[in-house]
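# Chains, contacts and geometry: an overview
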Amino acid sequence: MATKTKRSRKAPVRQRFSREYKIEAVRLSADGTKTVAMVAKELGIDVHQLYRWRRQLERDGVTAFPGNGTIASHDEEVHRLRRELKRVTEERDFLKKATAFFAKESR
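Residues numbered from 1 in each chain as written. Predicted model: local features only at pLDDT ≥ 70, side-chain atom pairs only at ≥ 80, totals over all residues. Heavy atoms only, no water.

## Re the overall build of the protein
A count of helices and strands for the protein gives four helices and zero strands. Mapped in sequence order, the helices and strands of the protein form the string α-α-α-α. Classification of the 107 residues of the protein by burial places 11% in the buried group. Across the protein, every contact between residues at least 6 apart in sequence was considered, and the portion connecting residues at least 24 apart equals 46%. Summing over all exposed atoms, the protein offers an accessible surface of approximately 10,000 Å²; the carbon and sulfur share of this is 55%. (Helix = DSSP H or I, 4+ residues; strand = E, 2+ residues; numbered from the N terminus. Buried < 20%, exposed > 50% of the residue type's maximum accessible area, 1.4 Å probe, protein only. Contact = heavy atoms within 4.5 Å. Areas by Shrake-Rupley, 256 points an atom, 1.4 Å probe, with all protein chains shown as cover.)

The following block contains the structure:
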């Protein structure tokens, strides 16, 4: 009887595309000479990915595809407010504990 060997599956490598590449892919798909599926197949990307890029470019315009480390202004504001909320919450909790401690000692 033949034994089966285990084949190890490697995780697929995530592709990264530049902002210019994405914009050009969207432009090609919006050109009208080819279908979105044809453009995606020629570029070697999933058709759903191309539709996602089209929606993102339509929604965000010039700020679409910011790249690594770049945060949109509204996201930056949300992050800043969350940090501030965390700091204020910690201060409040500390003051509650301090008040309880001193109230217990004064008895």
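## Side note on the packing of aromatic side chains
In this description, an aromatic ring pair is defined by two values, namely the gap between the centres and the angle between the planes. Counting across every chain of the model gives four aromatic pairs. An angle of 85° between the planes, with centres 6.4 Å apart, marks the rings of Tyr-21 and Trp-53 as edge-to-face. Within this pair, whereas Tyr-21 is found in helix H1 (residues 19–30), its partner Trp-53 is found in helix H3 (residues 47–60), the two being separated by 32 residues in sequence. Its relative accessible area of 29% is what places Tyr-21 among the partly exposed residues. On the basis of relative accessible area, Trp-53 is assigned to the buried category, the value being 3%. Relative to Phe-102, the ring of Phe-101 lies with its centre 5.3 Å away and its plane at 75°, an arrangement referred to as edge-to-face. You can call Phe-102 exposed: its relative accessible area is 55%. (Phe/Tyr/Trp six-rings, centres within 6.5 Å; stacked < 30°, edge-to-face > 60°.)

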